[in-house]
Amino acid sequence: MADNIKNGVHGCSAADDYIQPTDPLVVEKLESFRDRKIGLMIHWAPVTQLGITESWPQVDTEAEWSQKDIDWTNDMDSFRREYRDLHKTFNPIRFEPKKWASLAKECGFQYLLFTTKHHDGFCMWDTETTDYKITSKNCPFHKHSYKDIVKHLFNAFRDEGIPIHAYFSKPDWDSPYYWNKEIPWPDNKTDRNPNYKISEHPELWEQFVQFTHTQIRELLMGYGDIECLWLDGGWVNPSNLGQDIRIGEIVNEIRKVHQPGLICADRTVGGAYENFITPEQSRPEAPIFVPWESCITLGRSFTFRYDDTYKTPREVIHLLIDIVAKGGNLALNITPQPDGRLPHQGIQVLKELGKFLTTYGEGIYGTRVCEPYIINQYAFTKKENCYFVYYLYKEGERIKHSFTIPIQCDVTDIREMGTGESLGFSRSDAGLEIQLKERSDINTQYVEGFTLYLK
């Protein structure tokens, strides 16, 4: 188990500890998930109004990094009250879920990963467990026709044929069953864990377990077909202060009755309910041979920043190829603005990604790893009797007309991705030699792509 957190970024479980699911429906859905390769992750909450890190600034033991943008007060008790009241001014009236779903489809995304609730406990669906939610009468957005954001977003993406992954935080810093206001904090400093000993207050913890199970039931029983329950907050597990929320109990119930084959990503915990592992804001140095997904931001963080900078199309495309060549999926996060729109700069990058996938997606979707994986500026994937090879242009590198693919294999044909044009090739000790037609000698491309047909 990897429960280490640095600056809010979680480690990931070791591939060697992975437990293969035995439920054939879970195995089937997991293989379909691995085929998709690219998901759109959307982290969104009332805190976007401030443009600071979500949830974590409430935790005093994480103050060094999480509270650095809070420059208007030194009174953290006052800040926590201000933070909790942000939903009273959250009114994203320019939220248009069908536009988001259409954009995702255009840009080649194959699933949606949406934050239904982060650690701060604010619910983006119409829960009956708390009034700290998007449909509360205290939230001006409750009068909007799309007030139940989860409902309308999930439906819009399903209408585009895009499966749903529901992000759900196990810790809940608004719940009186997790952070209890009647019990003082040790040293008067908030911590990410409960502020009481579970062994001394078992009835309080049981209330939290039932509270959590009820919320999961609401999402997985009342919001249509969901492919994956993506659980964050890996420190909530039996080995850490006895934080057993009996996740297997509720997942098995849901699988049996409402969501057969539900994938569960109980991230960083390991065991039978972490069906794929989840590097965060990182990618592995070498291939991983169990199901995995990197969640990585398009901007600087998972939350909205007014002064954010975004990765370039080249960076995103190369990132995706690198991850796929190592056997993983990419969940690429973009955070909406407080008014409900996706940031214009981010949209432009996503559209460039979509153009790439339209031309070169055959070597991304539905592929698996193959040697030599990544070597020099070449990346490899495979599908049935084909190898797919990408040459990754560096920034400023001139367009190449000849390529030496560093692989020795029996091929019957080599074609250019996108055009399907057959290319002449020869063999050398260095690999397969390919010559392309003369083109403009400027760098207008992010990659070259080739399909190798094997004997």
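All values reported here derive from a predicted model rather than from experimental measurement.

### As for the pattern of salt bridges
Per the counting criterion, the structure on display carries 29 salt bridges. Among the charged side chains, a salt-bridge network with shared partners connects Glu31, Arg34, Asp35 and Arg368.

### Looking at the sheet that holds strand 18 (residues 447-454)
Spatially, 6 strands are ordered 10-11-12-18-14-15 in an open sheet, and the strand pairing comes out antiparallel. Edge positions in the sheet fall to strand 10 (374-375) and strand 15 (422-423), since each of these pairs with one other strand and no more. One ladder, built from 6 bridges, connects strand 11 (residues 378-383) with strand 12 (residues 386-392); its direction is antiparallel. Across the sheet, the residue bridging to Lys383 is Cys386, located in strand 12. Across the sheet, helix 8 (residues 313-325) touches strand 10, strand 11, strand 12 and strand 18, and the angle it forms with strand 11 is around 55°. Of the strands in this sheet, strand 12 and strand 18 are in contact with helix 9 (residues 344-360), which crosses strand 18 at around 25°.

### Some remarks on the environment of Phe109
Tracing the backbone shows Phe109 in the loop between helix 4 (97-106) and strand 4 (111-117). Residue Phe109 is classed as buried on the basis of its relative accessible area of 2%. In this structure the C-alpha to C-alpha distance between Phe109 and Met41, which are 68 residues apart in sequence, comes to 9.8 Å. In contact with Phe109, other than residues within four places in its own chain, are Ile38, Gly39, Leu40, Ala104, Ile162, Leu332, Leu350 and Leu353.

### Looking at helix 8
Under the 1.5 Å per step criterion, the end-to-end length of helix 8 is 18 Å for 13 residues, consistent within 8% with the ideal 18 Å. Of all 13 residues making up helix 8, 12 are buried, and the element is well covered by its neighbours. Turning to helix 8, its buried residues are Pro313, Arg314, Val316, Ile317, His318, Leu319, Leu320, Ile321, Asp322, Ile323, Val324 and Ala325. A positive backbone phi angle near 95° is found at Gly327, which sits one or two residues after helix 8.

### What to know about the nonpolar core
Within soluble globular proteins, side chains that are nonpolar tend to cluster in buried spots. Grouped together as the largest cluster of nonpolar side chains are 121 residues, with contacts concentrated most on Phe114, Phe157, Leu353 and Phe356. Leave out the neighbours within four places in its chain, and Leu353 touches Ile38, Cys107, Phe109, Val316, Ile317, Leu320 and Leu332.

### Some points on the sheet that holds strand 13 (residues 402-405)
The strand order 13-17-16 describes an open sheet built from 3 strands, whose pairing is antiparallel. One side of each edge strand has no neighbouring strand; the edge strands of this open sheet are strand 13 and strand 16 (425-428). Each adjacent strand pair in this sheet contributes to an overall mean axis angle of 25°, direction not counted. Alignment of strand 13 against strand 17 (residues 431-435), held across 4 bridges, turns out to be antiparallel.

### Things to note about the packing of aromatic side chains
With the rule as written, the count across this model stands at 32 aromatic pairs. Consider the rings of Phe356 and Tyr390, whose centres lie 6.1 Å apart with planes at 45°: the pair is tilted. Taken as a pair, Phe356 in helix 9 and Tyr390 in strand 12 lie far apart in primary sequence, 34 residues in all. Of the residues examined, Phe356 reaches a relative accessible area of 5% and is grouped as buried. Joined through ring pairs, the aromatic side chains of Trp56, Trp65, Trp173, Trp179, Trp185 and Trp235 make up one cluster. The lysine or arginine in question, Arg84, covers the ring of Tyr132, its NZ or CZ lying 4.2 Å from the ring centre. Lying across the ring of Phe403, Lys400 places its NZ or CZ 5.3 Å from the centre.

### Thoughts on helix 1 (residues 24-36)
Its 13 residues give helix 1 an end-to-end C-alpha distance of 19 Å, which sits within 8% of 18 Å, the value for a rise of 1.5 Å per residue. Two or three places before Leu25, at the start of helix 1, stands the capping residue Asp23, its side-chain oxygen 2.9 Å from that residue's backbone nitrogen. One or two steps after helix 1, the chain reaches Lys37, where phi turns positive at roughly 75°.

Here is what the cut-offs are and how they apply
Residues numbered from 1 in each chain as written. Predicted model: local features only at pLDDT ≥ 70, side-chain atom pairs only at ≥ 80, totals over all residues. Heavy atoms only, no water. Salt bridge = Lys/Arg side-chain N within 4 Å of Asp/Glu carboxyl O. Pairing = 2+ DSSP bridges. Helix = DSSP H or I, 4+ residues; strand = E, 2+ residues; numbered from the N terminus. Contact = heavy atoms within 4.5 Å. Axes fitted to C-alpha atoms, helices over the stretch in contact; angles between N-to-C directions. Buried < 20%, exposed > 50% of the residue type's maximum accessible area, 1.4 Å probe, protein only. Expected span 1.5 Å × (residues − 1). Core = buried A, V, L, I, M, F, W, Y, C linked by side-chain atoms within 4.5 Å. Phe/Tyr/Trp six-rings, centres within 6.5 Å; stacked < 30°, edge-to-face > 60°. Lys NZ or Arg CZ within 6 Å of the ring centre and 35° of its normal. Polar contact = N/O pair within 3.5 Å; in protein donor to acceptor, adjacent residues only side chain to side chain.

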